[in-house]
Amino acid sequence: MRNLLITGGAGFIGSNFVHYMLERYEHYRIVVFDKLTYAGRMENLAQALANPRFAFVHGDICDLDAVREAVRAHAIDTIVNFAAETHVDRSIMTPDAVVRTNVNGTWALLEVAREVGVERFHQISTDEVYGFIPEPQRSREGDPLEPRSPYSASKAGAEHLVYAYFITYGLPVTITRGANNIGPFHYPEKAVPLFTTNAIDDLPLPIYGDGRQVRDYQYVLDHCEGIDIVLHRGALGECYNVGTEVETPNIEMARKILDLLGKPHSLIQHVADRAGHDRRYALDCSKLRALGWHSRHSFDEALERTVRWYVEHQEWWRPIKSGEYLEYYRRQYAERAQADPPAR
Ligand code: NAD
Ligand code: TYD
C-alpha cells in the first residue's frame, strides 16, 4: 500500500482520515477524489494542501472515465470509498441522489478497481444498514441487513456490490460499518453540529419526536483508527463494525451540549418525527477489537472536544449556515416545527 485514493476526502470523516493517514504513515501518498457537493469543502483539507504527498482531484465517482484517469495518473493501489450522499433527511426529501452516488458511484469505482487490479478496495459503510435494532440486541457482522431509509438502503446496496466483486472477480475488498461520528468538520445539518451551532446562537434545538431514539456517537478519529486497522490487518472479504458500544438518547445528547455551552434546556424544541425513524442502532464491535482496536474516547470526551471545536472554529461553520443551507433548513424544519408537539 503506497498510493491511496480517498474518495469523499473533502467531507467530514474523509478529511479527518486524510489528516490522520498523512501524519501516521510517512511514506503514503494520498489523493483525494471529490465532487465538492454542498458537504465537500476544500477548507477541510487546508492542512494537507501544502504536503507534497497530497493531491486533490475534482471529480464525480459516477464518472467512470474520470475515476479511471485519476487512478492511472496517480498509480493508485488502494481505494477507500468515503464518497456518498450521507444525510438521512435529505435522502427522504430527494432519494435519487443517494441511489446515484452511493450505488452507481460505488459500482463505477469497483469497475475501475477491477480493471486496474488494486491491492485493496475498502468501502466505508454504516451501522444503519442493519436497520432498527430492538433492546437488548446488538448487531454482529453476519446479521441480516434490513435498511429502512433511502440512505441506508443505498449503503446496503453498495455493500452488496462490493461483496459481489469479491466473490465474482476476486477483488480484494474490506468493509467497515461505523456508528455515528462526531468531531471537527462535521457539516451542521447532522444532529450534533446542528444542535451545537444553534445553541451557540441561542436558536432552538429541533428534537425529532420524543428524543428517546438512541445512537452510538463515536469520536471521528476512533473511527479513522478502526478503518486504518482494517486496511492493514483486516481479512479480505470481511466486514467490521466500528463504534463505542455505548448508546445515548438524543434528548440526553442535546442536554449535554446545552450544559457544555452554559445554555438553558428550554432551547430544546420537540418537532415532528422523521419518517421511518430508526429508534435504535447498537453494534457489537468484538470482531474489530480482536484485531487490536479499541475506542479511545468516551461519549462525554468526544462531545466535549466536538463542542469546543465548534466554539473555536466559528469561521468554519458560519459561512456554511447561509444560502443553500438556509433554504434547506427552511424546507426541512418549517413544517416540522408547526406540527403538533409530540407527547414527551
Ligand atoms: P459528508 O457528507 O461529510 O461528505 C461526503 C463527501 O463525499 C463530500 O466531500 C462530498 O463532496 C463527497 N461526494 C458526494 N458525492 C460525491 C460524488 N458523486 N463523487 C465524489 N465525491 C462525492 O460525509 P461523512 O459524514 O464524512 O461520511 C463519509 C462516509 O462515511 C459516507 O460513506 C457515509 O455513508 C459513511 N458514514 C458516515 C457516518 C457519520 O456519522 N457521518 C457514520 C458511518 C458511516
Ligand atoms: P443524524 O445526525 O441525522 O444521524 P443519523 O440519522 O444518520 O443517525 O441524526 C442523529 C439522531 O438525531 C437521529 O436519531 C435523528 C435525530 N435528529 C433530531 O432529533 N433532530 C435533528 O434536527 C436531526 C438532524 C437529527
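Before reading further, recall that the structure is shown in the block above.
The rules behind each value
- Residues numbered from 1 in each chain as written.
- Chains lettered and ligands numbered in written order.
- Predicted model: local features only at pLDDT ≥ 70, side-chain atom pairs only at ≥ 80, totals over all residues.
- Heavy atoms only, no water.
- Helix = DSSP H or I, 4+ residues; strand = E, 2+ residues; numbered from the N terminus.
- Buried < 20%, exposed > 50% of the residue type's maximum accessible area, 1.4 Å probe, protein only.
- Polar contact = N/O pair within 3.5 Å; in protein donor to acceptor, adjacent residues only side chain to side chain.
- Contact = heavy atoms within 4.5 Å.
- Axes fitted to C-alpha atoms, helices over the stretch in contact; angles between N-to-C directions.
- Parallel < 35°, antiparallel > 145°, perpendicular 65-115°, else oblique.
- Left-handed = near helix turned anticlockwise from the far one by under 90°.
- Nonpolar A, V, L, I, M, F, W, Y, C, P; charged D, E, K, R; others polar.
- Expected span 1.5 Å × (residues − 1).
- Near = heavy atom within 4 Å.
- Areas by Shrake-Rupley, 256 points an atom, 1.4 Å probe, with all protein chains shown as cover.
- Core = buried A, V, L, I, M, F, W, Y, C linked by side-chain atoms within 4.5 Å.
- 1 Å grid on protein atoms, 1.4 Å probe; cavity = no way out; pocket = protein on both sides within 12 Å on 5 of 7 lines; lining within 4 Å.
- Points joined across faces, edges and corners; volume = space filled by probe spheres on them.
- Phe/Tyr/Trp six-rings, centres within 6.5 Å; stacked < 30°, edge-to-face > 60°.
- Pairing = 2+ DSSP bridges.

1. So, the side chain of Asn241
Thought 1: For Asn241, the location among the structural elements is in strand E11 (residues 238–242).
Thought 2: Asn241 sits in the buried class, given a relative accessible area of 0%.
Thought 3: Within the structure, the side chain of Asn241 is placed 3.0 Å from the backbone oxygen of Ser139, a separation counted as a polar contact.
Thought 4: At 3.0 Å, the side chain of Asn241 forms a polar contact with the backbone oxygen of Asp284.
Thought 5: Dropping the residues within four chain positions of it, Asn241 is found in contact with Tyr130, Ser139, Arg140, Glu141, Arg177, Leu283, Asp284, Cys285 and Leu288.

2. A look at the packing of helix H1 (residues 12–24) against helix H8 (residues 220–233)
Thought 1: Running from N to C, H1 and H8 point in directions that differ by 60°, and their axes come no closer than 9 Å. Here H8 runs oblique to H1, going by the angle between their axes. Along this stretch, H1 crosses H8, giving a crossing that reads as right-handed. Across the interface between the two elements, Phe12, Ile13, Asn16, Phe17, Tyr20, Met21 and Arg24 from H1 touch Val220, Leu221, His223, Cys224, Glu225, Ile227, Asp228, Leu231 and His232 from H8.
Thought 2: Along the lines of polarity and charge, the residues of the contact of H1 with H8 split into ten nonpolar, three polar and three charged.

3. Brief notes about helix H6 (residues 150–169)
Thought 1: With 20 residues, H6 extends 28 Å from end C-alpha to end C-alpha; this agrees with the ideal 28 Å at 1.5 Å per step.
Thought 2: Every buried residue of H6 is listed here: Tyr151, Ser152, Ser154, Lys155, Ala156, Ala158, Glu159, Val162 and Tyr165.
Thought 3: Residues of H6 that are buried sit in contact with helix H4 (88–93), helix H5 (95–116), strand E5 (120–126) and strand E6 (173–178).
Thought 4: In the segment just after H6, Gly170 is the residue with positive phi, at about 70°.

4. Points about the site of ligand 1
Thought 1: Looking at ligand 1, there are 28 residues lining it, with Ile13, Asp34, Thr86, Tyr151 and Lys155 nearest.
Thought 2: Contact between ligand 1 and Ile61: a nitrogen atom at 2.9 Å from a main-chain N or O atom of the residue.
Thought 3: A distance of 2.7 Å is found between an oxygen atom of ligand 1 and a side-chain nitrogen or oxygen belonging to Lys155.
Thought 4: Starting from 840 Å² of accessible surface for ligand 1 in isolation, the protein chains cover 97%.
Thought 5: Elements represented by at least two residues in the shell around ligand 1 include exactly H1, E5 and H6.

5. Examining the nonpolar core
Thought 1: Judged by nonpolar contacts, the single largest core of 57 residues is most densely connected at Ile6, Phe17, Val18, Met21 and Ile257.
Thought 2: Ignoring any residue separated from it by four or fewer positions in sequence, one finds Ile257 in contact with Val192, Phe195, Thr196, Ala199, Leu303 and Val307.
Thought 3: Membership of the second largest hydrophobic core comes to 26 residues, among which are Leu5, Phe33, Val67 and Ala108.

6. Examining empty space enclosed by the protein
Thought 1: Scanning the entire structure with this criterion turns up two cavities of 30 Å³ or more.
Thought 2: Approximately 50 Å³ is the volume found for the second largest cavity.
Thought 3: Forming the walls of the second largest cavity are Val88, Glu128, Ser149, Arg215, Arg274, Ala275, Gly276, His277, Asp278 and Tyr281.
Thought 4: Looking at side-chain class alone, the lining of the second largest cavity contains three nonpolar, three polar and four charged residues.

7. Brief notes about the packing of aromatic side chains
Two measures describe an aromatic ring pair: the distance that separates the ring centres and the angle between the ring planes.
Thought 1: Enumeration according to the criterion identifies 17 aromatic pairs in this entry.
Thought 2: With centroids separated by 4.8 Å and ring planes inclined at 55°, the aromatic side chains of Tyr165 and Tyr169 adopt a geometry described as tilted. Separated by four residues within a single helix, Tyr165 and Tyr169 lie in helix H6, roughly one turn from each other.
Thought 3: Judged by centre distance (5.2 Å) and plane angle (70°), the ring pair of Phe185 and Trp309 falls under edge-to-face. In this pair, Phe185 is assigned in the loop between strand E7 (181–182) and helix H7 (191–200) and Trp309 in helix H11 (residues 299–312), connecting sequence segments 124 residues apart.

8. Topic: the sheet that holds E11
Thought 1: Judged by pairing direction, the sheet is parallel, and its seven strands sit side by side in the order E3-E2-E1-E4-E5-E6-E11 without closing on themselves. The open sheet terminates on both sides in strands that have one partner only, identified here as strand E3 (54–58) and E11. Recorded for the sheet is a direction-independent mean angle of 20° between the axes of neighbouring strands.
Thought 2: On the sheet, H5 packs against strand E1 (3–7), strand E4 (78–81) and E5 and is oriented at approximately 165° with respect to E5.
Thought 3: Each of E1, E4, E5, E6 and E11 is contacted by H8, which is oriented at about 145° to E5, the strand it contacts most.

9. Structural notes on unusual backbone geometry
Thought 1: Going from Glu135 to Pro136, the amide bond is cis rather than trans, its omega being -5°.
Thought 2: Here Pro136 shows up in the loop between E5 and H6.
Thought 3: A positive phi is found at Asp202, a non-glycine position, where the angle reads about 60°.
Thought 4: By relative accessible area, Asp202 is classed as partly exposed at 47%.
Thought 5: Positive phi, close to 70°, is recorded for Glu245, a residue that is not glycine.
Thought 6: Here Glu245 is to be found in the loop between E11 and strand E12 (248–249).

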